[in-house]
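Topology and contacts: notes
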Amino acid sequence: MKRRSVDPIYSMCVQPSFIIGTNNEDGSYNFAPITWVSATYEKGDGYLLVISMSGNKRTRQNVIRSGIFSANLVNKNMLPLMDYLGSKHAAEGKKDDVEYGVSRGEVLDVPTLDDSPWVYECEVERSVETGESVTFFCYIRNIQMDENLSCKDTFDVDLTVLDPVIYSGRYHSLGSMLGKIGDFKNDAGVTGGSTNDVLDKFHRRRMIMHLILAIGVLVSLMGLGTMIPAILIIGIIGIVASPFYGLFSGAMCCPYCGEILGRRGFGDHCQYCGKKIF
Ligand SMILES: Cc1cc2nc3c(=O)[nH]c(=O)nc-3n(C[C@H](O)[C@H](O)[C@H](O)COP(=O)(O)O)c2cc1C
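The rules we used
Residues numbered from 1 in each chain as written. Predicted model: local features only at pLDDT ≥ 70, side-chain atom pairs only at ≥ 80, totals over all residues. Heavy atoms only, no water. 1 Å grid on protein atoms, 1.4 Å probe; cavity = no way out; pocket = protein on both sides within 12 Å on 5 of 7 lines; lining within 4 Å. Points joined across faces, edges and corners; volume = space filled by probe spheres on them. Helix = DSSP H or I, 4+ residues; strand = E, 2+ residues; numbered from the N terminus. Nonpolar A, V, L, I, M, F, W, Y, C, P; charged D, E, K, R; others polar. Patch = residues over 30% accessible without salt bridge, like charges linked within 9 Å, V, L, I, M, F, W, Y side chains within 5 Å. Areas by Shrake-Rupley, 256 points an atom, 1.4 Å probe, with all protein chains shown as cover. Salt bridge = Lys/Arg side-chain N within 4 Å of Asp/Glu carboxyl O. Buried < 20%, exposed > 50% of the residue type's maximum accessible area, 1.4 Å probe, protein only. Pairing = 2+ DSSP bridges. Axes fitted to C-alpha atoms, helices over the stretch in contact; angles between N-to-C directions. Near = heavy atom within 4 Å. Polar contact = N/O pair within 3.5 Å; in protein donor to acceptor, adjacent residues only side chain to side chain. Domains from an automatic or database assignment. Phe/Tyr/Trp six-rings, centres within 6.5 Å; stacked < 30°, edge-to-face > 60°. Lys NZ or Arg CZ within 6 Å of the ring centre and 35° of its normal.

Each pocket or cavity is described by its volume, and for the largest pocket that value is around 860 Å³. Trp118, Tyr120, Thr154, Val157 and Leu159 are, among the 24 residues lining the largest pocket, the residues nearest its centre. Elements supplying a minimum of two residues to the lining of the largest pocket: β4 (37-41), β5 (47-54), β9 (118-130), β10 (133-145) and α3 (159-162). Partitioned by chemical class, the residues of the lining of the largest pocket number 19 nonpolar, three polar and two charged.

The next point concerns a nonpolar patch on the surface. On the surface, a cluster of nonpolar side chains totalling about 860 Å² of accessible area is made up of Leu213, Val217, Leu221, Leu224, Ile236, Ile239, Val240, Phe244 and Phe248. With five residues, helix α5 (residues 229-249) is the single largest residue contributor to the nonpolar patch. Its place among the elements puts Leu224 in helix α4 (residues 195-226).

Before going further, it helps to spend a moment on unusual backbone geometry. Of note in the backbone geometry, Asp163 takes a positive phi value of approximately 55° without being a glycine. Within the fold, Asp163 resides in the loop between α3 and β11 (165-167). Residue classification places Asp163 among the partly exposed residues on the basis of a relative accessible area of 24%. With phi around 60°, Met227 is a residue other than glycine that occupies positive phi space. Relative to the helices and strands, Met227 is located in the loop between α4 and α5.

In spatial order, the strands read β3-β2-β6-β9-β10-β5-β4; together these seven strands make up an open sheet with antiparallel pairing. Looking at the sheet topology across the chains shown, the edges are occupied by β3 (29-34) and β4. Going from strand to strand, the sheet's axes swing by 35° on average, the running direction of each strand aside. Two strands pair when backbone bridges link them, and strand β2 (residues 18-23) and β3 are joined in this way by six bridges, in the antiparallel orientation.

Surveying the vicinity of the ligand reveals 20 residues, the closest of which are Asn30, Pro33, Lys57, Thr59 and Lys95. At 2.7 Å, a side-chain N or O of Lys57 approaches an oxygen atom of the ligand. Contacts to the ligand include Thr59, whose side-chain N or O atom sits 2.6 Å from an oxygen atom. At the level of elements, β3, β5, α1 (58-66) and α2 (79-87) are the ones that each hand at least two residues to the shell around the ligand.

Its domain assignment divides the protein into domain 1 (15-173) and domain 2 (180-278). Measuring from the centre of the C-alpha atoms in domain 1 to the corresponding centre in domain 2 gives 45 Å.

The subject of this paragraph is the packing of aromatic side chains. Inspection of every chain in the model, using the stated rule, returns seven aromatic pairs. Both rings, one in Phe18 and one in Tyr120, keep their centres 5.9 Å apart while their planes meet at 40°; by these two values the pair is tilted. Here Phe18, found in strand β2, pairs with Tyr120, found in strand β9; they are 102 residues apart in sequence, far enough to count as distant. With respect to burial, Phe18 and Tyr120 carry one shared label: buried. Seen from their ring centres, Trp118 and Tyr120 are 6.1 Å apart, and the 75° between their planes marks the pair as edge-to-face. Residue Trp118 is classed as buried on the basis of its relative accessible area, which comes to 10%. Stacked on the ring of Tyr29, the Lys or Arg Lys94 has its end atom at 5.1 Å from the ring centre.

What follows is the structure in structure tokens.
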């Protein structure tokens, strides 16, 4: 990988998108997007949400005053709402030009967004000021997650179900789930290529296999149509050859664990090692 050094102003790293719900002084609610969000581990099962806010925006004032807020993960459907809430400062008036459903937290008395598939209810543990920003380290008092998610543990969250918006100065969406910790450690250095290279090679070979099969079928039909046995035999050879090519080139086998695919039915993932292939 060839890189070039650039000015540190290019610090827009990959950011998850959250809309932060806070209580105004008069008891009404306010929402604004904040994407400087991360997490850190405290102790036991405890994680802290880390969130940073610059300037003197209402959201920051509300968090400092009340010490509580909700962090509503933004999925693709919520992008217009996030864009709107981020384009208007609370100081310019109530953000009620568009409709959105609001509820209250289940553990903390914070406003939450009905459309969000993942909501943290947070309480500030401490804050650190750096220049014009303040970073809050917050206890996560409750998580409300989409009922469609079935997570066994903290490492078992399928982000593709959540469909989050990723921000880096521009809005992006997530591609695919690639696997879990440990799935790729044996590929490191062995293939000399990235996960994408492994999959690219696999899909290329698979395409060749399908091409051989298609040509075989086509030539066989021509043979049948013209009643010329030689053409028919060439076609049949193509049809028979394609699975052999598939097996020997690995186009019929999982590119990760080598098991023959399809024996246990087809799917996006290998039925043996669980890694995403298609
Ligand atoms: C996509 C997006 C991400 C943002 N991320 C942050 C952020 O991480 N920190 C921050 O201080 N402001 C961030 N903002 C700016 C605030 O959302 C914006 O100033 C908003 O109008 C503040 O609203 P408020 O006055 O209701 O607090 C972001 C805005 C957008 C559109």
